[in-house]
Each structure stands twice: as structure tokens, then as C-alpha cells.
Amino acid sequence: MTPRASIVLPLTAVIAALPAEVMAAPSTPRFSIPASRLSSALTVLARQAGIDVLFADTLVGDRVAPALRGKMTVDAALVSLLDGSGLTFRRTSDGAIVIAAMPAAAPPPKADEAIPEILVIGRRAQNGDIRRTQGDIQPYQVFTNREIEDSHAGSIDSFSRTRLPANAQIISPAQNLRRGQGSTRSEINLRGLGANQTLLLVDGRRMPDVPAIDLINQQPDVNGIPINLIDRIEVLTASAGGIYGIGATSGALNVVLRHDYEGGEVAMTTGITTRGDAFEERLFGRFGISANGGRSGLMVAVGQSRADALRFGDRNYFRRARERALANSPAEFLGEFPIGNSVNIFSRTPLVFNADRGGAALGSTRTTLPLGLDDDPARRDALLLANAGMTQLDPGGGGAKATITSQPETRAIFLDARHDFGGGFIAFGNFLDTRNTGRTVAGVQSNPFTSSLSASDPRNPFQQEIFVTEPSDFTVNSVNRIEVRRYTLGLIAPLPGGWRANIEYSGGGAKSRFEQNAGTETLLGPRRNRFDDGTLRVAGPVATLPGGPLTLSFLGEARRIVTEASELAQTFDTFSFSSDYPRLEQRVLSLYGEARAPLLGARGFLSELEFQLAVRQDWTRTILPGSKTLFGTELPPFITFSGTPAYTVGTRFSPLPGLLVRASIGTGSLPPTANQIGRFTAVGEDYRGDPRRGGRTIGSEGAVTFLDGGNPDLLPERARSFLFGVVVTPAGDHGPRLSIDYTRINKRNEIQSFPFFDVDTLIAEEAKYPRRVIRGPLTAADRALGFTGGPIQTLDFSLLNLGRTRIDAVDVTLDYPFELPRLGGFTAYLKATWEPHYRQQLVDGSPFIERVGSSDGPLELRGNAGVDWSSGPWSAGINAQFYSSYMITNAYVETINNPLLLSFNGMERIPAQVYVDLSGRYRVRDGSAIVPRGTEVRVGIINLFDHRPPTIADLYSSGASYYGDPRQRRVEATLAVPFGK
């Protein structure tokens, strides 16, 4: 039995052995709540029922609740606990229960919905942000744990690529054979502005960036977080610096984790393709326990995952790409001397056998021989003649072993503790540690520098010079390890007037280690980030307005990120050398405030009018050593300081029943990174003449300073978003829902390379860029000679704020629930993003370039749609993902590779792609001694119709479009068993 079968078959057997009683009808929960204070009883009820129960300490007070034991509905349990208390309950749109005073005439307050979730009494989450919803003033997209599980995605990155249409990331690091370095980290790119402009949060808090080569800190890696640990994902796809701070120029994604202190679960997932390869497995375990009547809670969660590599030899993508290139541009393709799984022979003129071999003409410039032939010359010659005009195109040797995507392996542990001291004082702490290891293998696929056999060489059977290639077992093996660690300690305390405060400290860091073995060894090792983050939050109601309470939330934050010095060592057969990477430090001080004002109640055209204002100020200080290379000139440190204000202002109202109108404006900023600040300096002269000084050689009148690379005088990049949308709910919160939201993002001060790379052009454009050519004074003697400028002292080719970008996008979300008699409940849904324009201007005054639909830009249309069904313990769903057609070339026509791609592919566009997934689950409602109540079996078929990603004749890739999963159809099964509830 194979290792794969030894895991898959037992799981299948467990699923098949489920007892007959699992088919029984659903039953109500069982409660066991001791007599206690009402606040404690409500907390225990929430945990035993697996729901959120929200209440204010000042409202519940010292009321007591009777003991409650037995099986009953949640509503019946609440009626029993609240009997005689003068309190009642209601449900929010997200399914939470809110405890409120018995109604007089006014609806219950909504203050709990407009303050940071961690400050809401009764919430189990420790989310530092306000709980965002799809009906918010900004068009948030919220993905529940159920949606994430049903996608059968193995990571947050994989889920975002298939289910988040606004994620314009083209290629993941695991797919990037050129620059991915074997990494399997996440990379999410909202609207296509770049991963560095999408802010990733976990529980509303920042995570440490991933340190990398060349002073670059990459987006935090969240792929190590187990899917089962996620409660929901909240996404805002517009500039949000007024809420979240620097780095949210194109939006923010917040991963909210589960914080369950009652019972636990064990889940095992296995998956394999229908071709029997690319096996994967995921294991997850969680255990929570509470004490002191629910006042103390502890949760521990662990996760582990791994997947087999998919190699070039496992699929025919690369061969099909080569076949296309050969058919469309044989001369250019054969000029690369492709290596196949045989001996390939090429010549510049038609091949003719030597006279002693019969002198036969092959009628072609190429032929091939299979590997492992014996030494029989007659047999060899017969095969050479029979194979005339053929080239073996399958990858062979190390090329066949090369990986199409990096091989992932992750481990994670999450510890979470919370204690309620009473009186509204709550202490909490958590610790998250993830390890993400990626492995990749690269092989030689072509050899433009192959040696030749001359016509006179005795080994050459032909009269012409020939070029011979054969597969080599040579490979380049890379391992990329990323470790991320964050811990948080905090205290929640009550304040007068119904206000609450939260003070907390977060620390941790990230470590990346890159190893490469290719006969030589390259080791980056290791590169580390450390971060410290202190935060104070206060929030509460200020006044009661006609639509509800006016609430304010404030935050003060001090954050420090330090990247430690490291060394890149390269070891060769006979020598070694190393390069030093310096210590970097960034300090950020932030102040933030957000007001939510429900100005009007349900009345007239402006019914439920609400206003939002968020203002934030970030002060950023970056310290970088003056020299960032081993051989650079020693200079004083670069110290940059920037203060970047940002805001979000918005409103929503309901002019008609079932119609919500919303609009907002938000700004964001992105300070220069360390690699954009560090500058190279050289002093010398140039051989060219200065036209403003009679052609005198530049530098002949004094040394000239040449500046290149980064620029410490750069300004932060800035963005402004305008959003307008409507939400239609004709049957209320639980019926059909359609939202259409338009977003425009204008970005300026984009940091770009200087448009000129030579001295002549810079001097010719001196009037346009006067600060780039610094001259000495123009003397009277100079004027007498007819000179119009002083001697050149500095020529500056460093980065500058030149670029602009304008993005237009429309997001559409549709949910349509309905029921059919005797068949159950259905929900049809659609999530789509139409991005008609992404216009970029590299230099002020130059034309805007449209990047939508190019190979390096966002797709014009991207989305997914499906239907979910449920009936009793059974549920199923079908989901189709759509990716529109796109150009095979880069948006910038002067890109060197564009002509070759057009020539090889013989077409301009890659066709649109559709992939269909099927999912199903069964949940045990009545348990037994063998199968506990709540046990779930989940099954998924990903890429149901086994669609192949379109072929792309790019010989530096796998040969397939990056939007499709190269594994093609695969099957996945999960068994999740709860315990302790």
C-alpha cells in the first residue's frame, strides 16, 4: 500500500462507517449552566451554543440567573435566563444576539456595533477593529468560516486567488519560477497596485513583515495560519489610511481568528489529484476550557500541513508550450537549442551523412536520438534518418524533476487566554507562531551556449557542424523558510459613561532563511525582523441621536520595526565570499479617531442617515546606514522622517424601504521603503562634453558626484479613493441582497526610476529636472566665454516621485436565498469585480498607459458564482470561477520579451478561463458513543471538469496560465470531530 493510500483509505473507511443514527433529524443544543450572575450565565450560554451574545455590563448589572440544564432551543434558554430580569434579546444581521432592556418604543441601542470588537461585552473575538459588515458605509466584503471551508483552499492566499475578485495578484510566489526563490508565502494584491500597498491584519493588528534580500520587507505571510482557525475575513478594497494607517493605499484585509474557550475539535484533511499525484494533507486540533463560571478561558490550537510537489514531468504544459513556439517561430525557438528527454541534434544547414555512412541527405536541419542506445552505428544512422525534422520536446533529466509550484509545508500553534476579574476588567493574552517552508527544484531546459561538433570531428556522422543537447541531471534546489511570531498582552477596563478602554502590547518578529544548492551554495542567513507595538484604545457613546447613540473610538499607537544585520554567503568549489546587509529601523507613532453618528431614525427620504468620520496621523522615522553594499562609500546614515495625515469620511441612508445608498472618500499613504532610500554615490568625471560650457569635458573643472539608487528626499506615495454604491434588500436582512459599488482610486507621488539612464539625455532635459543637475556658480568670466551654466557638480539619477495611477472598478455582490418544498434551502450568489481602467503615468507629462488586460496588469473581469443547498444535516454547493481574457504581452510595448512572446504564441490574447468546484458536507446532529454530535464530513472536487489552464509559450515559465491550478482536478475530504462540549 502506498503512503498516500495508507492515509486516504482509513479516512474513507471512517466516513463509510458512520452509524445509521447520523441520518436522524436535527436536535436542539444541550445546555448545562449553573446558577450564577446573569453576565456569567450568558457567557456560558454563548459558548455552549456556539454563538455571540452581546450585552453591556451597566445593563445586566448584578442580576442573577437560575440554573439551566437540558436540551432546548437557544431562544427557549434565553427566555428562561432572562425571565423576570426586565431584559429581552434581539438578533443582529450577522447572527449575534444582543441583550437589551424591555422595549419601550425605541429600538435597542446599537453602540456595540460601532466600537472596536474587543471592547464589546460578550464578544469572544479579540479583534482590535470595529466589526465590519457588508452593509457598512464602506463596501466591506466579509467571508465566513463556512465559505472558507467550502472553498477547500489550503491557505489564505489560495482562497483569496479564487474567491476574492478584487485580488489582482497575477502570480503567487509559489508559482514564480524566476523570482519566487521557492517561497510559499502569501501575497495579496488588491486592485493591482502591488502587494506592498495592501495591508494585512490578524485580529485587527499588524503582523511583522517578511524580511528579504536587498533591504526589502515583504507583505506579512499569513499562509501559515490554519484555515480551521479562521472565524472570518474582512476585506476593504479602497484606500483606508484614515482607519488603518500607512500601507493601506489599495485597501486592507483583516483575518479574524476563532477564540473558543469551550470544548475542541480535531480535523484531518487529505487530498489528491485524479491522476494520483500532488497528495496533500492538513491536520488541525483545537481545545478550549473555561473555569470560574466562564470567567476564565484558555484555548490551544495547532495545525500542520504538507503537500507533494508537482513536477514538469507530471504534466505536459511545458511540452505543449514548446510545440506552440516551434510551430509559430521555429527559427527563434530552435536557436535556444532545447533540451528534451533524448539526444537532440541541430545544424544551421540541412544535414547530410558523411560519405562513409552513405551520404544520405536528411532534408532537415534537425533530428533526434532516444537515450540509452547501444553502439550499433547502423541502428543509430537509421534512427537519425527516420527522425529527421523532429525534436524531442519533453523535459528530461533535471528538467523533468523541476517543480511547477513550490512544495509547501506549514506548522502553527496558537495560544489564547482570557480572564474576567469582574466589574468590567478583563485581562487577555495570545501567542501565534507559524512556520512556512517552501521547496523548489529548477532544471536546465535549454542551452544556448552548447558546444558544437565540427564537420571534421570523428564523433560527428554528418558533413555539417552540429549542435548536440541531451538531458542533464543538474538541478538547483532551493529551500525558503519563513517563521512568524506575534504575542499580545492586554487589559480591558471600564470607564465612566459607558466607555471602555483597552491597553495592550504586541511583540514578535519574522525570520526568513533562503538556501540554494546548485553545486555552489547560497545562504541568506537568516534575515530577521523584530517588532514592538504598544496600543491604547478607548471607545464609547457620547450622546443619543434620533438614529441611535453617537459613538467615538480613539487609538494611540507606537510601533518599532527593526531588521537585523545579516550576511549573504556564497560558497563555490574553490572559494567563497559574502555580502553584508545592514541593520534597518523604522519607528511609527499614530493617533486615530473614528466617529459614527446615526443622525436620523426611520423617517423620510433620509431614513437611517448615518455619518462616519475617521482621521489618522502617522509619523514615520526610518534609519538606514549610509552604505548598503560591501564596496560602497562610507556615508552618514540616511534618516528620513514623514508625517502623513489620512481620513475616511462617509455616509449612508435609506431613501426607500429595502434600498441603502452609501458614499465615502478615503485617503492613504505609503512611505518610502529602505531600499528606496539608500543611495549609491560615486565621485569622478565623464568623457562627454557639457553643451552649456562650450563642450568642456564633464569633471574636467572639478570632480562630479554621481548619485544613483534610492533617494532620502522621497515623499510618501499618496492615494485617494471615492466610493459610491447601493444595496438592495427588498425583503429585509434575510432575503435577497444586491450590492453594486463603484470605486475610483487616484494615486500620486508614485516612486519611479529616473526616466533617463545616460548623462547626455539628463543634461538635455536639465530644464525639466533642474534639481537633478547641480551646477556651481556662473561667473562673469563664464559669461564672457558665452557659457550659460556653471560647472556641473552633481548628476542625480536616483529615484523620484514621478508616477500617477488612476483605477476605476465596480464590485457586484448578489445573494439570493430561496426554499423549495421538500428540497430544502438554496442560496444563489455572485461576487464579481469589473475593473475597466488601470491607467498609469510613469513620468509627468507622458501619456497614461492602460494596464487592464495585459499580462502584468489586473484582469478586466474576475469573479465567482454558485449555488449552495442545505437540508437538515446535509449541504452542498457548486462554485464557478471566471477569469477574463488577457493580453499575452506586457502593458509597456518596449518590454524586451514582448516581441518574442507574440512570435512564439502566434496570438495576442489568452482566452477566458472558467473552473468549477463542487463541495458537500454532512453534520451529525444526534451523536452516539462512536460519532459525537457535531461531527462533520466535508468533501470537495476542485476543478470538477478537469479544465486545463491555457497554454502560454513562455519558455521561462511552466507553460500554463498562472490563473489556473496546474494540478487540475483534485479530490479532497475532511473529517472534523468535536469533543468536550
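Bear in mind the structure is a predicted one, so any value in this text is a computation, not a measurement.

## Observations regarding the overall build of the protein
Now for step 1: Counting its secondary structure elements, the protein contains 15 helices and 51 strands.
Now for step 2: A globule of 981 residues ought to have a C-alpha radius of gyration of about 30 Å, and the protein, at 32 Å, matches this closely.
Now for step 3: Judged by the C-alpha coordinates and their principal axes, the protein covers about 110 × 90 × 55 Å.
Now for step 4: Within the span of the protein, comprising 981 residues, buried residues form 53% of the whole.
Now for step 5: Pairs at least 24 residues apart make up 70% of the contacts formed inside the protein by residues separated by at least 6 positions.
Now for step 6: On the protein, roughly 40,800 Å² of surface is accessible, and the fraction owed to carbon and sulfur atoms is 58%.

## Some thoughts on the side chain of serine 854
Now for step 1: The residue serine 854 is located in the loop between strand 44 (849-850) and strand 45 (861-871) in this model.
Now for step 2: A distance of 2.7 Å separates a polar atom in the side chain of serine 854 from the backbone oxygen of arginine 851.

## What about a nonpolar patch on the surface?
Now for step 1: A cluster of nonpolar side chains, contributed by Val266, Phe287, Ile289, Leu298, Val300, Val302, Ile413, Leu415 and Phe979, occupies part of the molecular surface with about 670 Å² of accessible area.
Now for step 2: Of all the secondary structure elements, the ones that give two or more residues to the nonpolar patch are strand 16 (280-291), strand 17 (296-307) and strand 20 (407-422).
Now for step 3: Broken down by element, the residue count for the nonpolar patch peaks at three residues, all from strand 17.
Now for step 4: Its place among the elements puts isoleucine 289 in strand 16.
Now for step 5: Given a relative accessible area of 46%, isoleucine 289 falls into the partly exposed group.

## Remarks on the sheet that holds strand 8 (residues 141-144)
Now for step 1: Reading across from one edge, 8-13-14-9-10 is the order of the five strands in this open sheet, with mixed pairing throughout. One side of each edge strand has no neighbouring strand; the edge strands of this open sheet are strand 8 and strand 10 (205-206).

## Topic: the sheet that holds strand 23 (residues 466-469)
Now for step 1: The strand order across the open sheet formed by four strands is 19-18-23-22, and the pairing between neighbours is antiparallel. Each edge of the open sheet carries a strand with a single partner, namely strand 19 (366-369) and strand 22 (452-453).
Now for step 2: Pairing geometry for strand 22 and strand 23, over two bridges, is antiparallel. Looking at the pairing, serine 452 lines up with phenylalanine 467 of strand 23.
Now for step 3: Helix 10 (residues 377-386) rests against strand 18 (343-346) and strand 19 of the sheet, and its axis sits at about 135° to strand 19.

## Digging into the side chain of glutamine 841
Now for step 1: Take glutamine 841: it is sitting in strand 43 (residues 824-841).
Now for step 2: Look at glutamine 841 and you get buried, because its relative accessible area is 6%.
Now for step 3: Apart from residues no more than four positions distant in its own chain, glutamine 841 is found in contact with Leu802, Gly803, Arg804, Ser846, Pro847 and Phe848.

## With respect to the nonpolar core
Now for step 1: Core analysis: the biggest nonpolar cluster contains 34 residues, and Val202, Ile225, Leu229, Ile230, Ile233, Leu253 and Val255 have the highest contact counts within it.
Now for step 2: Contributions of two or more residues to this core are made by helix 6 (156-163), strand 9 (198-202), strand 13 (230-236), strand 14 (251-257), strand 17 and strand 24 (475-494).
Now for step 3: Setting aside anything within four residues of it in sequence, one finds leucine 229 in contact with Leu257, Arg258, Phe284, Met299, Ala301 and Phe414.

## Quick notes on the environment of leucine 550
Now for step 1: Along the chain, leucine 550 falls in strand 27 (residues 548-563).
Now for step 2: For the pair leucine 550 and arginine 948, spaced 398 residues apart in the sequence, the C-alpha separation amounts to 54 Å.
Now for step 3: In this structure leucine 550 touches Gly540, Pro541, Val542, Ala543, Leu545, Arg596, Ala597 and Pro598, once residues within four positions along its chain are discounted.

## Observations concerning the packing of aromatic side chains
Now for step 1: For the structure shown, the criterion picks out 18 aromatic pairs.
Now for step 2: Ring centres of phenylalanine 754 and tyrosine 769 lie 5.2 Å apart, and the angle between their planes is 70°; this geometry places the pair in the edge-to-face category. Here the residue phenylalanine 754 occupies a position in the loop between strand 39 (737-752) and helix 13 (759-764), and tyrosine 769 occupies one in the loop between helix 13 and strand 40 (773-775), the gap between them amounting to 15 residues.
Now for step 3: Note on tyrosine 769: relative accessible area 10%, which makes it buried.
Now for step 4: Among the aromatic side chains, those forming a connected cluster through ring pairs are Tyr883, Tyr886, Tyr915 and Tyr963.

## A look at the pattern of salt bridges
Any two side chains of opposite charge can pair, on the condition that their charged atoms come close.
Now for step 1: For the structure shown, the criterion picks out 70 salt bridges.
Now for step 2: Linking arginine 357 and aspartate 381 is a salt bridge whose minimum nitrogen-to-oxygen distance equals 2.7 Å. Of the two residues, arginine 357 is situated in the loop between strand 18 and strand 19 and aspartate 381 in helix 10; the sequence distance between them amounts to 24 residues.
Now for step 3: When its relative accessible area of 33% is taken as the criterion, arginine 357 is described as partly exposed.
Now for step 4: Since its relative accessible area comes to 14%, aspartate 381 is described here as buried.
Now for step 5: Connected via shared salt-bridge partners are Asp129, Arg132, Asp136, Glu594, Arg596, Glu610 and Arg652.

## Here we look at the domain arrangement of the protein
Now for step 1: For the protein, the domain assignment lists domain 1 (29-101) and domain 2 (151-310 + 402-677 + 712-753 + 798-979).
Now for step 2: One C-alpha centre belongs to domain 1, the other to domain 2; they are set 37 Å apart.
Now for step 3: Of the residues lining the interface, 11 residues belong to domain 1; the matching set on domain 2 comes to 12 residues.
Now for step 4: Surface buried jointly by domain 1 and domain 2 totals about 820 Å² across both partners, of which 45% is contributed by carbon and sulfur atoms.
Now for step 5: Our count for the domain 1 to domain 2 interface comes out at zero salt bridges.
Now for step 6: At the surface where domain 1 touches domain 2, the tally comes to zero residue pairs in polar contact (both at pLDDT 80 or more).
Now for step 7: No other element matches the five residues that helix 2 (residues 38-49) contributes to the side of domain 1 that touches domain 2.
Now for step 8: For the side of domain 1 that touches domain 2, a count of residues per class yields two nonpolar, four polar and five charged.

## Considering the pairing of strand 1 (residues 30-33)
Now for step 1: Only one face of strand 1 is covered, namely the face carrying Phe31 and Ile33; the face carrying Arg30 and Ser32 is uncovered.
Now for step 2: Relative to strand 5 (residues 68-71), strand 1 runs antiparallel, the two sharing four bridges. Residue pairing in the sheet places phenylalanine 31 in a bridge with glycine 70 of strand 5.

## Quick word on the packing of helix 8 (residues 317-328) against helix 15 (residues 898-905)
Now for step 1: Packing of helix 8 against helix 15 brings their axes to within 6 Å, and their N-to-C directions diverge by 90°. In terms of their interaxial angle, helix 8 and helix 15 are classed as roughly perpendicular. For the pair helix 8 and helix 15, contact is made by Arg324, Ala325 and Asn328 and by Ser903, Phe904 and Asn905, respectively.
Now for step 2: Across the contact of helix 8 with helix 15, the residue classes break down as two nonpolar, three polar and one charged.

What counts, and at which threshold
- Residues numbered from 1 in each chain as written.
- Predicted model: local features only at pLDDT ≥ 70, side-chain atom pairs only at ≥ 80, totals over all residues.
- Heavy atoms only, no water.
- Helix = DSSP H or I, 4+ residues; strand = E, 2+ residues; numbered from the N terminus.
- Rg over C-alpha atoms; globule rule 2.2 N^0.38 Å.
- Buried < 20%, exposed > 50% of the residue type's maximum accessible area, 1.4 Å probe, protein only.
- Contact = heavy atoms within 4.5 Å.
- Areas by Shrake-Rupley, 256 points an atom, 1.4 Å probe, with all protein chains shown as cover.
- Polar contact = N/O pair within 3.5 Å; in protein donor to acceptor, adjacent residues only side chain to side chain.
- Patch = residues over 30% accessible without salt bridge, like charges linked within 9 Å, V, L, I, M, F, W, Y side chains within 5 Å.
- Salt bridge = Lys/Arg side-chain N within 4 Å of Asp/Glu carboxyl O.
- Pairing = 2+ DSSP bridges.
- Axes fitted to C-alpha atoms, helices over the stretch in contact; angles between N-to-C directions.
- Core = buried A, V, L, I, M, F, W, Y, C linked by side-chain atoms within 4.5 Å.
- Phe/Tyr/Trp six-rings, centres within 6.5 Å; stacked < 30°, edge-to-face > 60°.
- Domains from an automatic or database assignment.
- Buried area = accessible area lost by both parts, 1.4 Å probe.
- Nonpolar A, V, L, I, M, F, W, Y, C, P; charged D, E, K, R; others polar.
- Parallel < 35°, antiparallel > 145°, perpendicular 65-115°, else oblique.

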